[in-house]
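Geometric and topological summary
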Amino acid sequence: MNAMDSLPLSAVACPPRLARVRPDFIRNLDEIGPNDARLVGGKAFPLAALRQKGFRIPRGFCVTTDAFRARLGQDAILPADLRDDLAEAWRRSGFRMAAVRSSATEEDGRETSWAGVFPTVLPVRDADEMIAAVETCFRALHAPAAEFLRAHGRRSARPAMAVLVQELVEAEAAGVVFTANPVTGAESEILINAVRGLGEPLAAGRVNGDVFVVARDGAITSHLRSDQAFMLTSDGPVAVAEAIPALTPAQAEKLARLSVKVEDFCGCPQDIEFAIADGHIHLLQARPITGADRAGVGEAEIAGYLDQARARLAERVAALRRHGRLTGRHAIFSNGNIGELLPSPTPMSFGLFRAIFAGPGGAIAAGRQKLGYALDADSADPLYEMICGQPYFNVEIDARTFCIGAPVDVDDILDSIAREPGRASYPEFGLYTQGMSLDEAQARHGDDEGLARHDAFWRFHAGMRQGARSLLRRRTQDEADWFRALNPPCPNDIFGSDDDVLAAFQRRLGRLRKLCVDFVMAARVAFFFADLVRWRLRRHLGDDRSIGALLKGLDGSLVTQQAFDLEKLARNRISRETFLAAYGHCAANELEISLPRFAEEPQVLDRLARDLTASGRRPAAEFRQQQRERRAAQREVRRQLGTAGASGAEILAFFADLRLAQKFLPRRETAKHCYTGEYRGLRVLLLEINRRLGWAEDDIFYLEPDEIAPALARPDAFAVLARARRRERKIAARLAAQRRVPAVVFADAPDKIGARVEAATSGVLAGAPVAPGSVVGRVKLLEEGATGAPPGCCRERILVARSANLGLASWLRVAAGLVVEVGGVLAHAACQAREAGIPAVVLEGATSLLREDMLVSLDGETGRLEILEMS
């Protein structure tokens, strides 16, 4: 072993630095700092960090993204002043030959590498060849291959290109090291693929190379030889006369040990390019192994993950019982509502949601207290839990936040769910007592207690009506406050010290908590009076099937207005800029803060408009039809109430409650639409913090809000935590894809967590109707957390998903129907299905019971789903 290779990596001397030439546009590798990732791109940034830590990285300089953005001419021809600067940088470098490598801001990340999309040019022998190679790299940013990847999900908000120019290592051998087996995912195996000479033929797939599998201690466990007919040198290909391995055993062992040190420094499994010359190992690239987390998830790891999830749940329930927060016969957790809003959330998204709504000073307790509910300020603190990567609410904690002063019948509620688990989805609608006659109250609680509860409820009802009128009177001021949240983020928030950025984050979070108090109040009033409408329908008519028709075609929802404006965009009646001014804060799922907003990727609007046009749907005309049908349904219900013997006062009370439900349901949608505007600003700040931490891609979203400040103080320690959570989310995604996470979890039946559900083969399935209409179509299964129209989404397709968030609202306009596992008649997706005029049903286990391309009939008035033909 060479003496230098035996030294600590930090002790290896760096070659002399290049003289500085216009550092805003050309940056020496040794001058790249921890905040320069966006300046120098995904390839140069980690190499600079490794070089500055003493790893053997070839000398070089980087043409920055600032140069790309500010100085690039038409057809990627560099202006004369930048060409002069590059020529001077080349002269001062003293390079005999160099390799010119793209370093786009999109490439070499943890989720996508863009391998092979952007070019490497070698060898270049003079300044003119180098300048031409830089222009080649710049042109590649918008080449067809890159645009194809962006169009198919690998999007970047503002892609830019930097270019790395490095001294060419005249390699005796070269290749790639994977510090985790990229095929099996085994982290105990290091895979080395090597060739003699330069590594370009291996990267291009023109030769196979030798394959070594090496343990992390350097022991070679297998070696597969490859016949190499030629090797590439700087002078061109040279025939190989003697069949000898690309690496000696000693070199393979040294390379494996070195790669482990690189992985330790970078913090995750690495894909490393290397070259060996004069007995030294030179590192040419280090990037995360894309897909490594997915590859390693096997049944044994899933089983261990499930065991831990069950144990954590048992410990959590035991702690809540010890502290008196749970007293009921069952401990039940429901994915309803929150699962619709936050399918498979990142820790940051779930942490923000919990802090806003359930933490100290949270909006749920504050909003309900203002409406007269009898609860303490900390009543909702333990409301939300994560189970197997999915968000749940604790039903007993939730029920107690609906206390109006009379005791909450917790065990009756829990027993009802034990008999019918589907009732745990939106339990405040149909399960918690929201309306009662004196006869019902006395039959259930006895004469005296029944009378007391009856009177207490109707006093509360009067207070809610008064509160609703008060909210309507101050509507103009409330909505002015809401709309301020839609303002674009302030650029000044990202300047200043770390403390300044954290303070800006906390200010926005504080504003969001206050704004969401209004949202909670609007939602609670909407649900309260909608459930009273349901109760009155059942009491007078015997069923509530008409409620969906009474709650469609409602004015005042910005989510519905967004569909109208998308139609205008598709017909060129408004510009993209006008649309983005109103909806730039939106995303496929606004509450998943790791997702880019429309303002970051406006090209998504082209697809939305294109799909709407292709569908032939006309949202504005269809909405007017929904309104006509609602008015007809109101007339019919009025007639039915009279025929059923309801008194004039009872009919007046019915329509008074209905009017409030109809006013506040769209108000709830608008409030949510506005409060998610603050998420755009929070996202900008989080991305800035991620940049300051020097972390890969979206690692910041794997922390929780209260971990941001400690992470800035100890980034290495929290980087490990972020990686572990990223891994757990991959496992959770696998479980969700296998349909093994139930919508309702019973703590006393932990074996149900992770159990598989067999698909139905024929017959009739009974679900809960949430949007009227009937249709025959073929099933289109949406993956967990789907955020856009899947291929084949059209008027003949019935979308089937675990849940459907507001991000799918536009796609519901081009589908035939909707089936979800989670939700209820007042769920966001149900409201949007009604506005889109398509039938919708909630069916527990739908994603497991149904299969892609099944032909089914769907009835949104009865909840009946019949399988007509297997796929």
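As the structure is a computational prediction, the values presented were derived from the model and not from experiment.

Comments concerning the overall build of the chain
Within the chain, the secondary structure is distributed over 31 helices and 25 strands. The 871 residues of the chain split such that 58% are buried. Considering only contacts within the chain whose residues lie at least 6 apart along the sequence, 69% involve residues at least 24 apart.

Some remarks on the packing of aromatic side chains
Under the criterion given, the structure shown has 19 aromatic pairs. Ring geometry for Phe68 versus Phe138: centroids 5.1 Å apart, planes at 70°, classification edge-to-face. Of this pair, Phe68 sits in helix H3 (residues 65-71) while Phe138 sits in helix H5 (residues 127-140); the two residues are 70 residues apart in sequence, bridging distant segments of the chain. This pair shows no difference in class: Phe68 is buried, exactly as Phe138 is. Centre to centre, the rings of Phe654 and Phe655 are 5.0 Å apart; their planes meet at 80°, and the pair counts as edge-to-face. Judged by relative accessible area, Phe654 falls into the buried class, the value being 0%. By way of ring pairs, the aromatic residues Tyr373, Phe402, Phe457, Trp458, Phe460, Phe528, Phe529 and Trp535 are connected into one cluster.

Regarding the packing of helix H17 (residues 447-473) against helix H19 (residues 498-541)
For the pair H17 and H19, interaxial distance at closest approach is 11 Å and the crossing angle is 130°. By the criterion of interaxial angle, the relationship of H17 to H19 is oblique. Crossing geometry of H17 relative to H19 is assigned as left-handed. Between H17 and H19, the residues in contact are Phe457, Trp458, Phe460, His461, Met464, Arg465, Ala468 and Leu471 and Met521, Arg524, Val525, Phe528, Phe529, Leu532, Trp535 and Arg536, respectively.

Thoughts on the pairing of strand S2 (residues 60-63)
Here S2 shows a buried face lined by Gly60 and Cys62 and a second buried face lined by Phe61 and Val63. As defined by bridge partners, strand S1 (residues 26-28) adjoins S2 across 3 bridges and the pair is classed as antiparallel. In the strand pairing of S2, Asn28 is matched with Phe61. With 4 bridges connecting them, S2 and strand S5 (residues 161-167) associate as antiparallel partners. Looking at S5, one finds that Val63 is bridged to Val163.

Digging into the sheet that holds strand S23 (residues 840-842)
Pairing between the strands of a sheet comes from backbone hydrogen bonds, and it takes one of two forms, parallel or antiparallel. Sheet architecture is open: 8 strands sit in the order S18-S25-S24-S20-S21-S22-S23-S19, paired in mixed fashion. Of all the strands in the sheet, the pair left with one neighbour each is strand S18 (763-766) and strand S19 (768-771). Shown here is a sheet whose adjacent strand axes are inclined to one another by a mean of 30°, direction ignored. In the sheet, strand S20 (residues 774-781) pairs with strand S24 (residues 855-859) via 5 bridges, with the strands oriented antiparallel. Considered in S24, the bridge of Ser774 is made with Asp859.

Some thoughts on the side chain of Glu622
With respect to the secondary-structure elements, Glu622 resides in helix H24 (residues 619-643). The exposure class of Glu622 is buried, given its relative accessible area of 17%. Residues contacting Glu622, with those up to four places away along its chain left out, are Arg617 and Ala836.

As for the pattern of salt bridges
Counted by the stated rule, this structure contains 46 salt bridges. Note that Arg51 and Asp30 form a salt bridge whose closest N and O atoms lie 2.7 Å from each other. Of this pair, Arg51 sits in helix H2 (residues 37-52) while Asp30 sits in the loop between S1 and H2, and the two are 21 residues apart along the sequence. The same class applies to Arg51 and to Asp30, which are both buried. Close ionic contact of Arg453 with Glu449 constitutes a salt bridge, the shortest N to O distance being 2.8 Å. Of this pair, Arg453 and Glu449 both sit in helix H17, separated by 4 residues, roughly a single helical turn. Counted as one network, the salt bridges with shared partners bring together Asp409, Asp412, Arg444, Glu449 and Arg453.

Some details on the sheet that holds strand S9 (residues 220-224)
With respect to topology, 6 strands assemble into an open sheet ordered S9-S8-S7-S6-S12-S13, the strand pairing being antiparallel. The open sheet is flanked by S9 and strand S13 (280-288), the only strands paired with a single partner. Averaged over all adjacent pairs, the angle separating strand axes in this sheet is 20°, with direction ignored. As defined by bridge partners, strand S7 (residues 189-196) adjoins strand S8 (residues 210-215) across 6 bridges and the pair is classed as antiparallel. Residue pairing in the sheet places Glu189 in a bridge with Ala215 of S8. Lying over the sheet, helix H8 (residues 249-266) contacts strand S6 (173-178), S7, S8, S9, strand S12 (270-277) and S13, oriented at roughly 135° with respect to S12.

Observations regarding unusual backbone geometry
Trans is the prevailing form of peptide bonds, just as negative phi is the prevailing case for residues other than glycine. A cis amide bond links Leu122 with the next residue in sequence, Pro123, at an omega value of -10°. Assignment of secondary structure puts Pro123 in strand S4 (residues 120-124). At Ser344, a position not held by glycine, the phi torsion is positive, near 45°. Examined against the element boundaries, Ser344 turns out to sit in the loop between helix H11 (338-341) and helix H12 (347-357). For Ser344, a relative accessible area of 11% translates into the label buried. Although it is not a glycine, Cys388 sits at a positive phi angle of roughly 55°. Structurally, Cys388 can be placed in the loop between strand S15 (384-387) and strand S16 (390-394).

Observations concerning the environment of Leu858
Tracing the backbone through its elements, the reader meets Leu858 in strand S24. When the C-alpha positions of Leu858 and Gly817 are compared, they lie 7.5 Å apart, and in sequence the two are 41 residues distant.

Things to note about the environment of Asn394
Relative to the elements of secondary structure, Asn394 occurs in strand S16. When the C-alpha positions of Asn394 and Ala424 are compared, they lie 10.0 Å apart, and in sequence the two are 30 residues distant. Of note is the side chain of Asn394, whose polar atom sits 3.1 Å from the backbone nitrogen of Glu396.

A closer look at a positive patch on the surface
Taken together, the side chains of Arg624, Arg628, Arg631 and Arg635 define a basic patch exposed on the protein surface. Turning to its location among the elements, Arg624 is positioned in helix H24.

Considerations on H2
Between its terminal C-alpha atoms H2 stretches only 15 Å, short of the 22 Å expected from 16 residues at 1.5 Å a residue. At Lys43, H2 is deflected by roughly 90°, the largest bend along its length, and proline Pro46 occurs up to four residues later in sequence. Of all 16 residues making up H2, 12 are buried, and the element is well covered by its neighbours. At the C-terminal side of H2, Gly54 shows a positive phi close to 100°.

As for the pairing of S13
The buried count for S13 comes to 9 of 9 residues, which makes it a mostly enclosed element. Pairing between S12 and S13: 8 bridges, direction antiparallel. Bridge pairing in S13 links Ala277 to His280. Taking the residues between adjacent antiparallel strands as the criterion, S12 and S13 are bridged by 2 residues, where Asp278 takes a positive phi near 55°.

Focus: the nonpolar core
Phe357, Tyr384, Cys388, Ile417, Phe529, Phe654 and Tyr675 are the most contacted members of the largest nonpolar core, which totals 129 residues. For this core, the element with the highest residue contribution is H19, accounting for 23 residues.

Considerations on helix H26 (residues 677-693)
The terminal C-alpha atoms of H26 lie 25 Å apart, and with 17 residues this matches the ideal 24 Å at 1.5 Å per residue to within 8%. Here H26 lies mainly inside the structure; 14 of its 17 residues are buried. Gly694 sits one or two positions beyond H26 and adopts a positive phi of about 75°.

Quick look at the packing of H24 against helix H25 (residues 648-675)
Two elements in contact, H24 and H25, have axes separated by 11 Å at closest approach and are oriented at 155°. Classified by the angle their axes make, H24 and H25 are roughly antiparallel. Crossing of H24 over H25 shows right-handed handedness. Facing H24, whose interface residues are Arg630, Gln634, Val637, Arg638, Leu641 and Gly642, H25 presents Ile651, Phe654, Phe655, Leu658 and Gln662. Of the residues assigned to the contact of H24 with H25, the class counts are 6 nonpolar, 3 polar and 2 charged.

About the criteria used
Residue numbers here run from 1 along each chain, matching the order of that chain's written sequence. At least 70 in pLDDT is required for a residue's local features to be given in this predicted model, at least 80 for side-chain atom pairs to be given and counted, and no such filter applies to totals for whole chains, interfaces and linings, which use all residues. Water and hydrogen atoms were dropped before computing side-chain values, which therefore reflect all heavy atoms in the structure. Secondary structure is summarised from DSSP: a helix means a run of H or I of at least four residues, a strand means a run of E of at least two, and numbering begins at the N terminus for each. A simple rule labels every residue: compare its accessible area, found with a 1.4 Å probe on the protein chains alone, to the largest value its type can have, and call it buried under 20%, exposed over 50%, or partly exposed in between. Residue contacts follow a heavy-atom distance rule, with two residues in contact if any of their heavy atoms lie within 4.5 Å. Stacked, tilted and edge-to-face pairs are distinguished by plane angle, under 30 degrees for stacked and over 60 for edge-to-face with tilted covering the rest, among Phe, Tyr and Trp rings (Trp via its six-membered ring) whose centres lie within 6.5 Å. To define axes, lines are fitted to C-alpha atoms, for helices over the stretch in contact only, and angles between the resulting N-to-C directions are given on a 0 to 180 degree scale. We call two directions roughly parallel when the angle between them is under 35 degrees, roughly antiparallel when it is over 145, roughly perpendicular when it lies between 65 and 115, and oblique otherwise. Take the far helix as the reference: if the near one is turned anticlockwise from it by less than a right angle, the crossing is left-handed, and if turned clockwise, right-handed. The pairing criterion for strands is at least two bridges between them, as found by DSSP. A carboxyl oxygen of Asp or Glu within 4 Å of a side-chain nitrogen of Lys or Arg is what we treat as a salt bridge. Here a polar contact is taken to be a pair of N or O atoms separated by no more than 3.5 Å, where protein atoms must pair a possible hydrogen donor with a possible acceptor and residues adjacent in sequence count only if both atoms sit in side chains. Candidates for patches are residues over 30% relative accessible area with no salt bridge; among them, like charges are joined within 9 Å and nonpolar side chains (Val, Leu, Ile, Met, Phe, Trp, Tyr) within 5 Å. Here the open area of atoms and residues is found with the Shrake-Rupley method and a 1.4 Å probe, where only the protein chains shown may cover a residue. His is not counted, nor are the chain ends; Lys and Arg add positive charge and Asp and Glu add negative charge. Taken as the charge location is NZ of Lys, CZ of Arg, CG of Asp or CD of Glu. To estimate the expected span of a helix, count its residues, drop one, and scale the result by 1.5 Å. Bend is computed residue by residue as the angle between axes fitted to the seven residues ending at the residue and the seven residues starting at it. Here, the term nonpolar core denotes a set of buried Ala, Val, Leu, Ile, Met, Phe, Trp, Tyr and Cys residues that are joined through side-chain atoms within 4.5 Å. Residue type decides the class: Asp, Glu, Lys and Arg count as charged, Ala, Val, Leu, Ile, Met, Phe, Trp, Tyr, Cys and Pro as nonpolar, and the leftover types, Gly among them, as polar.

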